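# Summary of the model geometry
So you can see what is in the structure, the chains are spelled out below.
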Amino acid sequence: MPRRVYLETFGCQMNELDSELVAGRLRTLGYAFTGESAEADVVLFNTCSVREHAEQKVWSRLGELKARKADDPNLVVGVLGCMAERDGEALIRRMPVVDVLCGPGELDKLPTLLDNAVRTRASLAADAPAEWPRGLRSAREVALQGNTSRRSATLAAAQDTLEMLDLSRAMSPTDGEGMPKRSAYVRITRGCNKFCTYCVVPFTRGAEVHRPPEHIIEECRRLADAGVVEITLLGQTVNHYRFEHGAAVTVNGVTQPQKGRSYTGGHRRDPFAGERVTTFADLLARIHDAVPSIQRLRFVTSYPRDFGDDALEAMRDHPRICRYLHVPGQSGSDRILGLMNRGYSVGEYIEFIDRARAILDQPEIGRPLAISGDFIVGFPTETDADFEATVAMLRRARYKSAFIFKYSARPGTVAIDKYPDDVPEAVKRRRNNALLAAQDAIGLEVGQSNIGRTMPVFVEGLSVRERKRRAAGACSAHGSVMLTVGGRVPSACGAGPSHGEEAHEESRAVERVQLSGRTDTDHIVLFDLPAGARVEDWIGRLVPVRITGATALALSGSPITA
Ligand code: SF4
């Protein structure tokens, strides 16, 4: 009987990709997956420590498992990702329910850790207090990177086993909900060398490491062969990708990823591009040309400094690369940017935004550029004047959307030790709401500028409203609100397919199904599935949609079917 795993992921796209790779590896080793933690023999949380909220959720999940674990000593509980790496064994002391700790840099070792944990349930941890219930005293399995990755000058000296996790990626034709998998993340860079003072990533994910371009292109090709049509390239500072072929090392016939030695020769062009070096611009062009069945190529997250004209021109000259940039600004005050150690000034940031628009914003040929940003309000010592400068920068950049957060002091960061968190919560809240309101007004204007346009929309699935309606409707199956997807009835109501279909056929006649998709400018577009059409036939398709409406957060329209 295969062991059933429940894997819950918190935080960023990088974590989502890590979870997908880990799940693929465990499936090949005979583990099965369940969406219900109560049914699982192994419960795993892939964690994020950038936001306090995500951490609180993990602590409460672990707390909920205490009673079950005390009754069921064979249950294996694991914490993966940034919380594991940052807190280490202190996390187990705080939460003895945890058996396995695995940092993001050690995920290739997880199968072995789980295997050991499963096999050693019987053996007790030497240091476990005798008064703890039996289920909490089992031996622990721990794989953490610590800051070894930073110390090792020649990372490539040993086989980069984590690269093997990406290389051995299982290509699943369906997603977690059994729907056709038409979009995927591909990592091009791991870790980060920037050390922004509010961020823990350089300490939990280690040094910046660039994957060999051949590995990335091959992975994109395999994904395309498995039916994927949209690929998002991932990196903490994705535009800093740079692979020096002259310095490449091969171990057991596998070219090794390379430590980042960012080229800081300004943002014009990389003099070594092409032959001896594969730059970010080169990589974009090579993937675009080598995998023509990828209809959409996009990337996150960009770093405003050192974003070369060559990369912007590669986006302009390759039609299937999306005209979308996600470029966190964080603050509109040079003083605060300095305290954050962001490494650029407001002037340099705006210069980049203007340069990107000059090269890429071409609404006249139906290819506008959209930019989104990130901002932290209430960073230590932030004054009203600093905040007003941030509002001014947001207005100047004219984002389609912006992720706006209140500063919270995060354990393991430079800032928590260096700067007292002195901006009152009420002030943080007021500034957060004011910046959100300013962005909503701009987001609405940017959205409305698309009304009347016909835009290619990548259909991602049911809209949030439709999912909520199903979740609610499922429990009133005998009513008329619920609709089917490919004949399956959502598990909530427990009514069998045959029972549901008549009811659903009736209801389909009166209720439209709302789908959600994205433009290549990353605008969310909501539209109704044409009558008689099947949801699963539309997911993953690029369909022309005439935009008829806009809010600050989404566009709406009607698909052009004939
Ligand atoms: S660039 Fe800064 S905020 Fe982004 S991951 Fe690196 S250290 Fe963190």
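Our structure is the block above this text.
A quick note: this is a predicted structure, and the numbers were derived from the prediction, not measured.

Moving on, we get to the pairing of strand E18 (residues 370-377). Of all eight residues in E18, eight are buried; the element is thus mostly enclosed. What you see with E18 is no split at all: Ala370, Ser372, Asp374 and Ile376 on one side and Ile371, Gly373, Phe375 and Val377 on the other are buried throughout. Here strand E17 (residues 324-326) runs beside E18; their pairing, made up of three bridges, is parallel. Its bridge partner lying in E18, Tyr324 is registered against Ala370. Sheet analysis places E18 next to strand E19 (residues 401-406), joined by six bridges and oriented parallel. If you follow Phe375 over to E19, its bridge partner there is Ile404.

With that out of the way, let us pick up the pattern of salt bridges. The final tally for this structure, using the stated rule, is 42 salt bridges. The partner of Arg4 in a salt bridge is Asp41, with the nearest N and O atoms 3.4 Å apart. Taken together, the residues span a long stretch of sequence, with Arg4 in strand E1 (residues 4-9) and Asp41 in the loop between strand E2 (32-33) and strand E3 (42-47) at a distance of 37 residues. For Arg4, a relative accessible area of 29% corresponds to the partly exposed category. Within this structure, Asp18, Glu20, Glu163, Asp166, Arg169, Lys181, Arg187, Arg205, Arg211 and Glu219 form a network of salt bridges that share partners.

Let us now look at the sheet that holds strand E7 (residues 183-187). In space, the three strands of this open sheet follow the order E7-E10-E16, with parallel pairing throughout. Two strands bound the open sheet, and with one partner strand each, they are E7 and strand E16 (296-300). Geometrically, the sheet is characterised by an average inter-axis angle of 25 degrees between neighbouring strands, direction not taken into account. Sheet analysis places E7 next to strand E10 (residues 230-234), joined by five bridges and oriented parallel.

Taken together, the residues surrounding the ligand are Cys192, Lys194, Phe195, Cys196, Tyr198, Cys199, Val201, Pro202, Gln236, Thr237 and Arg342. Taken together, the residues of the shell around the ligand sort by class into seven nonpolar, two polar and two charged.

One key point about sheets: their strands pair by backbone hydrogen bonds, in either a parallel or an antiparallel sense. Across the sheet, which stays open at both edges, the three strands sit in the order E17-E18-E19 with parallel pairing between neighbours. Each edge of the open sheet carries a strand with a single partner, namely E17 and E19. Between one strand axis and the next, the sheet turns by 10 degrees as a mean value, whatever way the strands run. Where helix H16 (residues 425-448) meets the sheet, its contacts fall on E18 and E19, and the angle it forms with E19 comes to roughly 175 degrees.

This part is about the packing of aromatic side chains. As enumerated under the stated definition, the model contains 12 aromatic pairs in all. Ring plane angle 65 degrees and centroid distance 5.8 Å describe the contact between Phe379 and Tyr419, whose orientation is recorded as edge-to-face. Taken as a pair, Phe379 in the loop between E18 and helix H14 (384-397) and Tyr419 in the loop between helix H15 (414-418) and H16 lie far apart in primary sequence, 40 residues in all. The class of Phe379 is buried, set by a relative accessible area of 0%. Ring-pair connections join several aromatic residues into one group, and the members of that group are Phe280, Phe299, Phe307 and Phe352. Over the ring of Phe405 we find Arg51; its NZ or CZ atom is 3.5 Å from the centre of that ring. The side chain of Lys194 reaches across the aromatic face of Tyr303, ending 5.3 Å from its centre.

So, on to the packing of helix H9 (residues 213-225) against helix H10 (residues 280-290). At a minimum axis separation of 10 Å, H9 and H10 run at an interaxial angle of 35 degrees. Note on packing geometry: the crossing formed by H9 with H10 is right-handed. Judged by residue contacts, Pro213, Glu214, Ile216, Ile217, Cys220 and Arg221 of H9 engage Leu283, Arg286, Ile287 and Ala290 from H10. Among the residues forming the contact of H9 with H10, the class breakdown is seven nonpolar, no polar and three charged.

Right, let's get into the environment of Thr189. Assignment of secondary structure puts Thr189 in strand E8 (residues 189-190). Spatially, the C-alpha atom of Thr189 lies 5.5 Å from that of Val209, the residues being 20 residues apart in sequence. Among residues more than four places away in sequence, those in contact with Thr189 are Met14, Glu208, Val209, His210, Leu234, Gly235 and Tyr241. Engagement of the side chain of Thr189 in a polar contact is seen with the side chain of His210, the distance being 2.9 Å.

Tracing the chain through its elements places Cys322 in the loop between helix H11 (309-317) and E17. A relative accessible area of 2% means that Cys322 is categorised as buried. C-alpha of Cys322 to C-alpha of Thr521: the two residues are 199 residues apart in sequence and 6.5 Å apart in space. In contact with Cys322, not counting residues within four places along its chain, are Arg296, Leu297, Arg298, Met315, Arg367 and Asp520.

Our next topic: helix H2 (residues 52-71). Given a rise of 1.5 Å per residue, 20 residues ought to cover 28 Å, and the 30 Å separating the end C-alpha atoms of H2 matches this to within 8%. Buried residues along H2 sit against E3, strand E4 (76-81), helix H3 (82-87) and helix H4 (89-94).

We now examine the packing of H10 against H11. Describing two packed helices takes the angle between their axes plus the distance from one axis to the other. Orientation of H10 relative to H11, taken along the N-to-C sense of each, is 15 degrees, at an axis distance of 8 Å. One element, H10, and the other, H11, form an angle in the roughly parallel class. Handedness of the crossing formed by H10 with H11: left-handed. Judged by residue contacts, Phe280, Ala281 and Leu284 of H10 engage Asp310, Ala311, Ala314 and Met315 from H11. A breakdown of the residues in the contact of H10 with H11 according to their chemical character gives six nonpolar, no polar and one charged.

Along the chain, His210 falls in strand E9 (residues 209-210). Residue classification places His210 among the buried residues on the basis of a relative accessible area of 1%. Within the structure, the side chain of His210 is placed 3.4 Å from the backbone oxygen of His240, a separation counted as a polar contact.

Rules behind the numbers
- Residues numbered from 1 in each chain as written.
- Predicted model: local features only at pLDDT ≥ 70, side-chain atom pairs only at ≥ 80, totals over all residues.
- Heavy atoms only, no water.
- Buried < 20%, exposed > 50% of the residue type's maximum accessible area, 1.4 Å probe, protein only.
- Helix = DSSP H or I, 4+ residues; strand = E, 2+ residues; numbered from the N terminus.
- Pairing = 2+ DSSP bridges.
- Salt bridge = Lys/Arg side-chain N within 4 Å of Asp/Glu carboxyl O.
- Axes fitted to C-alpha atoms, helices over the stretch in contact; angles between N-to-C directions.
- Near = heavy atom within 4 Å.
- Nonpolar A, V, L, I, M, F, W, Y, C, P; charged D, E, K, R; others polar.
- Contact = heavy atoms within 4.5 Å.
- Phe/Tyr/Trp six-rings, centres within 6.5 Å; stacked < 30°, edge-to-face > 60°.
- Lys NZ or Arg CZ within 6 Å of the ring centre and 35° of its normal.
- Left-handed = near helix turned anticlockwise from the far one by under 90°.
- Polar contact = N/O pair within 3.5 Å; in protein donor to acceptor, adjacent residues only side chain to side chain.
- Expected span 1.5 Å × (residues − 1).
- Parallel < 35°, antiparallel > 145°, perpendicular 65-115°, else oblique.

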